[in-house]
Amino acid sequence: MINLINLAFKNAKEKKRPALLTYTVAGDNTKKKSLEILKSISKDVDICEIGFPHNTPIADGGQIQTSAYRALKNGLKISDVFQIVKDFKKTKNSKPVILMGYYNMIYQYGENNFIKKCKSSGVNGLIVVDLPWPENKGFAKKCKSKAISFVQLLSPTTSKERLKNIIKDSHDMIYYISMLSTTGGKLKVSPKQILNNYNKIKKIDPKKNCVIGFGITEKTIAKLRSADGLVVGSAICKEITRSLNNRQNPVTNVSKVVAKLRNKIS
Amino acid sequence: MMKIKKNIPLIDQHDKFGFWGGKFGGSYIPETLKKPVDDLTKEFSELRKNRSFIKKRDFYFNNYIGSPTRFIKLENLSKHLGGAQIWAKVVSDANGGAHKIYNATVHALLCKSMGKKYIVGDTGAGYAGKMLSMAAKKFGLKCKIFMGAKDIKRQKPNCDAMKKNGAEIIPVTTGSQTLVDAVSECMRYWVSNCDTTHMCVGSTVGPNIFVKICGWSTAQISRELKKQIKIQFKKIPKKIKLINCVGGGSSAYGFWSEFIDFPKSQIELIGVEAGGPKNSKLHAAPLSRGAKLGVLHGAASYVCQNNEGQINETESISAGLDYPGVSPIHCFLKDTKRARYTYATDEDALNAYKIVTKYEKLNPSLEPSHAFAEAIRIAPRLNNDTVIIVNSCGDAKKDRDILKKRLGKRI
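Residues numbered from 1 in each chain as written. Chains lettered and ligands numbered in written order. Predicted model: local features only at pLDDT ≥ 70, side-chain atom pairs only at ≥ 80, totals over all residues.

Residue and element names in this part refer to chain A. With seven of its seven residues buried, strand E1 (residues 19-25) lies for the most part within the structure. Burial along E1 is two-sided: the face carrying Ala19, Leu21, Tyr23 and Val25 and the face carrying Leu20, Thr22 and Thr24 are both buried. Note: E1 against strand E9 (residues 229-232), four bridges, orientation parallel. What sits directly across from Leu21, in E9, is Val231. (Buried ≥ 20, exposed ≤ 12 C-beta atoms within 10 Å, placed from the backbone. Helix = DSSP H or I, 4+ residues; strand = E, 2+ residues; numbered from the N terminus. Pairing = 2+ DSSP bridges.)

Next up, the structure:
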């Protein structure tokens, strides 16, 4: 079977640009709208990260928190998240989808059930924010056995020894957190410094696809274009909030933002 | 089967991943926090074996916190209830008026020894925040306290104290605007600033190392109590009941730690959670009202949550107990059946406060008033040879606005 995540990186590389990954929260601001947003932006996006919202997020900044609370307030359930992925995949079958969230929701669903449901809905990868290595070894193995990529996270505080071990245990993609921050923080280190750290990671295993996330906006994305992939999340959530506040359609506005992001790295 | 080992402090009875009983605790943290948590773990494990650090700790416990706190018989209350003898360990004698000063002092010492100049912490009732601000001032650290906007309103006296100590209070306006949100926001702040800043978790909750540090700090309470009991009774009496309120569970662990190895038939441990308003569906009693195991703030414990794993809102008159999770150590004590957990409603606690203050020169805050409610409930049915000891772990000064409103009482 073709690995869609690897394929997405390969396609982007052929076009000499980084893969563009977007993060949106399932059900923000409604189930219908979040699906429409996904469908609309997918022409410019290589991999869609979809958040399953939790009401006690310990690593998310204000923008993503707002999106998550909005989705939950509208009654979003985990079954809806899977339904959104399923519906999205009906029309965009080749677009890889990575679910991202906090461990308690997987724990309550049951690890095996959760993975099974991911599989049947068409999820290609998983990011679990608060399940670090080596605690995640068992779960990551389970994911792999069902051909779901478990995405390991790395941060500027990760020691060299840890980097090596984590990369060794990683699957198709690794995620480098650009700085010490929750999501959506202002970029407080220079893109040069970030790429410096990124290159150290690539040196350990050049074959692994490594994306950079946290603090990436229209302003900063071009400077990081030498990476394998770049993730934009809070800037998109912020645009949804802004659109709703101005009584505008978030679908068209978010699509414009994503098109611009893509333009900057193409 | 899950079992408690003897002669090893409970805080050290976890596996290599930090789980008590194989399933409570752990460290469910973002990758960014792995290193600061590992650094802290290493620092703490070295310092707790270091004689000069212990000496320093004891110096501040004695000369700054004011150990030992009193152990007194509540003669009038015992007579009024006409059953068991009721005693109190008056931990609210401690500098600042509550047990939170032990953990705050130790964290400030750790922060200093790690060479960090900034310290942040969460607070519910405001005591953890007040004490951390005191300790920060004492040791020359810059301090930020995260506190739910709802709690800032209802615990004003403690907020005033924090400001006076030079701490910055960061109001948290997300979610239910109480302790649970304050802890989340504090952890988020730490994620962004862990290179320069030390985080103090205000109770025996959070990632494994914070449970350990807090438990190690509050254990001072039971070390004192054990000595005091021996002096008072010549030997440890045959029937003792140690009653303590449980929010996160730091004062209860500290009150019990020296007595866990005793047989249950001799020393019963009773934890009292916040049952919330009498007719409300909301409560903050995950242990006594059968909450499911879940992951909150970096640890697995029984958590008030829905089927999906979203954390429930809680409700209690006592800000210090108003928390959906509980220490993994208490989950372990519950499942090994070493401790018994029950709850008292807001009304029970208010009523207990009224009774205690009517008969005794003691002014327990709403948190220990929950414990007194259980003592008052069971004492009349017991004989005079049973010794009930309640940890009066906080002073009611901070509750003056609530008490005035609910009881029309000026304190």
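Next up on the list: the domain arrangement of chain B. All names here are of chain B. The domain architecture assigned to chain B consists of domain 1 (31-60 + 100-215) and domain 2 (66-97 + 219-407). A straight line from the C-alpha centre of domain 1 to that of domain 2 covers 23 Å. Elements supplying a minimum of two residues to the side of domain 1 that touches domain 2: helix H4 (100-113), helix H5 (127-138), helix H6 (149-154), helix H7 (156-164), helix H8 (179-193) and helix H9 (208-218). It is H8 that contributes the most residues to the side of domain 1 that touches domain 2, five residues altogether. Class assignment of the residues belonging to the side of domain 1 that touches domain 2 gives a composition of 15 nonpolar, 13 polar and four charged. (Domains from an automatic or database assignment. Nonpolar A, V, L, I, M, F, W, Y, C, P; charged D, E, K, R; others polar.)

The next point concerns the sheet that holds strand E5 (residues 118-123) of chain B. Residue and element names in this part refer to chain B. Spatially, four strands are ordered E7-E6-E5-E8 in an open sheet, and the strand pairing comes out parallel. Bordering the open sheet on either side are strand E7 (168-172) and strand E8 (197-200), each of which pairs with just one other strand. Each neighbouring strand pair of the sheet contributes to a mean axis angle of 25 degrees, computed without reference to strand direction. For E5 and strand E6 (residues 142-148), the ladder comprises six bridges, and the chain directions are parallel. Among the inter-strand pairings, Ile119 is bridged to a residue of E6, identified as Cys143. (Axes fitted to C-alpha atoms, helices over the stretch in contact; angles between N-to-C directions.)

Contacts between the two partners involve 30 residues from chain A, matched on the other side by 31 residues from chain B. Where the side of chain A that touches chain B is concerned, the elements lending two or more residues are helix H3 (62-73), helix H5 (103-109) and strand E6 (152-154) of chain A. The leading source of residues in the side of chain A that touches chain B is H5 of chain A, at five residues. (Contact = placed C-beta atoms within 7 Å.)

All names here are of chain A. Taken in spatial order, the nine strands make up an open sheet running E5-E4-E3-E2-E1-E9-E8-E7-E6, and their pairing is parallel. The open sheet has two edge strands with one neighbour each: strand E5 (149-150) and E6. Note: strand E2 (residues 47-51) against strand E3 (residues 97-101), four bridges, orientation parallel. The partner of Cys48 across the bridge, within E3, is Val97.

Before going further, it helps to examine the pairing of E6 of chain B. Residue and element names in this part refer to chain B. Most of E6 is tucked away, with six of its seven residues classed as buried. In this fold, E5 hands off to H5, which returns the chain to E6; that crossover is right-handed. Two strands pair when backbone bridges link them, and E6 and E7 are joined in this way by five bridges, in the parallel orientation. Bridge assignment links Lys144 to a residue of E7, and that residue is Glu168. (Right-handed = clockwise from strand over helix to strand, strands pointing away.)

All names here are of chain B. Between H5 and H7, the shortest axis-to-axis distance is 9 Å and the interhelical angle comes to 15 degrees. Between H5 and H7, the angle falls in the class roughly parallel. Seen from above, H5 lies across H7 with left-handed handedness. Residues Tyr127, Gly129, Lys130 and Ser133 of H5 lie in contact with H7, whose contacting residues are Asn158, Ala161 and Met162. A per-class count over the contact of H5 with H7 returns three nonpolar, three polar and one charged. (Parallel < 35°, antiparallel > 145°, perpendicular 65-115°, else oblique. Left-handed = near helix turned anticlockwise from the far one by under 90°.)

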